[in-house]
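These are the residues of each chain, in order.
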Amino acid sequence: MTLVELAKRTGRSVSSLQDILTNVGEKVQSEFELLSMDIAELVTMEAGINVKRLHSAEGAEILPRPAVVTVMGHVDHGKTSLLDALRQTSVAAKEAGGITQHIGAFVVVMPSGASITFLDTPGHAAFSAMRARGAAVTDIVVLVVAADDGVMPQTLEAMSHAKAANVPIVVAINKCDKPGANSEKVKMQLASEGLLLEEMGGDVQVVEVSATEKIGLDNLEEALLLQADMMDLKARIDGPAQAYVVEARLDKGRGPLVTTIVKAGTLVCGQHVVVGSQWGRIRAIKDMAGKLTRRATPAMPVEIEGLRGLPMAGDDVIVVHSEERARMLSSGRQRKYEENRLRNKMIQDKPTTSDDSKEVPQWVEMPVIVKADVQGTVQAVTDALKTLNSAQVFVNVVHVGAGPISQSDLDLAQACGACIVGFNVKSPPTALSQEAARAGIKIVLHRVIYHLLEDIGNLIIERAPGTSETHVAGQAEVLNIFEIKGSKSKGPDVKIAGCRVIDGSVTRSATLRLLRSGEVVFEGLCTSLKREKQDVDSVKKGTECGVVINNWCDFQIGDVIQCLEQVIRKPKFIKSESGAVRIEC
């Protein structure tokens, strides 16, 4: 677009935009001269405006492309096992606890010769953002529902992600060979949730399969190819690539590695790219089989290396003309990202109690450092930890990163008193572990998300100050009243309540409450507790005793004396059937 057009869109004057262009080292002869997309984005960001790049699908060479299919559903409903059956491998057995921890992308060549790109998303409640990303990049969603379990919370969530992304759904009812399987019940549940199934007059195909027994896989393949055929999927092959980051991880020898799916155009080795706020020159492109390739075409998942830093999962991959342009665009985006991050941090309110009249509990902060194997998992674990915030403990994620636990993580943890959470990463070296132990830094390592959340939940409960509550520790009934006459030497008259403890125990150091006909008459300290003329500290149920309450002598037979004690009630860690967790105060 021209500079005049950009000024209209941004609401800035042409002269102010020309000043920005001069500052970034670009010369524009006329305000009607066309600006490239990179320069337009850079100028807009410098002007303080948020901008999103939209890619055109138009091109000289538009050809059919394979469908990108995302497999979604509830945890343990057999998503990965179904993919294993389709590509004749065994991934589920390798997954920690049999649960997929991050998105896997690969191409499956069907017996018919057609190829389909599959994405396997995690089913646990903590990985909601990953499922949303899976739905954003996909053409078709395969919704896996277990025939013996039915529609569950993450099944419904997957449906809503697919609907939000406007993506067609093919339902695969798995585990049909199991004794408790009831496909008809599952279909009725899906229909009641607003999914219009084919046999009920809708357009959603339903296929009954069994991943372990390899039943119905041909029908599923047929349904997917039919759906893809109806969608008439085509993409621009020529021109610069538009790609989407599925996952990003840090490799010790090769540096940042980014798993991407090309949407349009062709990604070529040696090109300069900007990925989110990171940039680099593509040094190598590998397909999902690990083979080096020169170029990546639409719907092809590849792993690229050569970036200077680790991008976020969900970022777009943009091809630029030169290293200088890539560096400039990257620094502009980093600056904008940092501004937005600081603004959001300032807006973010700390948890407060809703009712001002209630006693405000003590509030503590729990700093956490999160390290995980890939960028997407880092985000998922961070989001999951934030759900454990409560009115008493605020989980403050001070630093996140992909890769193993390092010395710098330990230094930061020592500086801010944080605990280090490592997810799917190797155990730190012995020297590092010993240093952490000496410094009193807790390192929590896990490979299964719900075990990690349980561990951190228990740590939060430990740290929580709790709320002070008054409990009735015991009750005694007044059976008789004794009076001891006072004198100058002995002091004033004293009335003693002869009682029998009917529940719990009565303690001398506690506060006592006197009830008459169920109503509180007096509350005061116990000045004397005797049993058989002996001073005692406490009296248990079924025992008789003599009680004197400070500043009270109006006892009546039948009164009830309650022994009150202050207890600290800690929060509770609550785990739902769906796998979601929370801290209840």
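Scroll up to find the structure this text is about.
Residues numbered from 1 in each chain as written. Predicted model: local features only at pLDDT ≥ 70, side-chain atom pairs only at ≥ 80, totals over all residues. Heavy atoms only, no water.

1. Description of the packing of helix H10 (residues 375-386) against helix H13 (residues 449-463)
Working note: a packed helix pair is described by the angle between its axes plus the distance between those axes. Note the following rule: Every axis corresponds to a line fitted to the C-alpha atoms, with the helix fit spanning only the stretch in contact, and the corresponding angles, defined between N-to-C directions, vary from 0 to 180 degrees. By the criteria applied, helices consist of DSSP H or I runs no shorter than four residues and strands consist of E runs no shorter than two, each listed in order from the N terminus. Angle categories: roughly parallel below 35 degrees, roughly antiparallel above 145, roughly perpendicular from 65 to 115, and oblique for all the rest. A clockwise turn of the near helix away from the far one marks a right-handed crossing, whereas an anticlockwise turn of less than a right angle marks a left-handed crossing. We call two residues contacting when some pair of their heavy atoms lies within 4.5 Å. Residues are sorted three ways: Asp, Glu, Lys and Arg are charged, Ala, Val, Leu, Ile, Met, Phe, Trp, Tyr, Cys and Pro are nonpolar, and all the rest, Gly among them, are polar.
Viewed as axis vectors pointing N to C, H10 and H13 meet at an angle of 40°, and their least axial separation amounts to 11 Å. Taken together, the axis directions place H10 and H13 in an arrangement best described as oblique. In this structure, H10 crosses over H13, and the sense of that crossing is right-handed. Facing H10, whose interface residues are Val 381, Ala 384 and Leu 385, H13 presents Ile 449, Leu 452, Leu 453 and Ile 456. Within the contact of H10 with H13, the residues separate by chemical class into seven nonpolar, no polar and no charged.

2. Some thoughts on the packing of aromatic side chains
Heads up, the rule is: Any pair of Phe, Tyr and Trp rings, taking the six-membered ring for Trp, is counted once the centres come within 6.5 Å. Such a pair is stacked with planes under 30 degrees apart, edge-to-face with planes over 60 apart, and tilted for the rest. Each residue is assigned to one of three classes by its accessible area relative to the maximum for its type, calculated with a 1.4 Å probe on protein chains only: buried under 20%, partly exposed between the two thresholds, exposed over 50%.
Under the defined criterion, the tally for this structure stands at one aromatic pair. Consider the rings of Phe 522 and Trp 552, whose centres lie 5.0 Å apart with planes at 15°: the pair is stacked. Taken together, the residues Phe 522 in strand S25 (residues 519-531) and Trp 552 in the loop between strand S28 (544-549) and strand S29 (560-569) connect sequence positions 30 residues apart. Phe 522 gets classed as partly exposed once you look at its relative accessible area, which sits at 21%.

3. Describing the pattern of salt bridges
Going by this rule: The rule for a salt bridge is simple: a side-chain nitrogen of Lys or Arg has to be within 4 Å of a carboxyl oxygen of Asp or Glu.
Scanning the model with the defined rule gives 18 salt bridges in all. We note a salt bridge from Arg 254 to Glu 303, for which the minimum N-O separation is 3.2 Å. Taken as a pair, Arg 254 in the loop between strand S9 (242-251) and strand S10 (255-264) and Glu 303 in strand S16 (residues 301-307) lie far apart in primary sequence, 49 residues in all. Assessed through its relative accessible area of 25%, Arg 254 is described here as partly exposed. Here Glu 303 falls in the buried class, since its relative accessible area comes to 13%. Each of Arg 249, Arg 254, Arg 283, Glu 303 and Glu 305 takes part in salt bridges that share partners, so that together they form one network.

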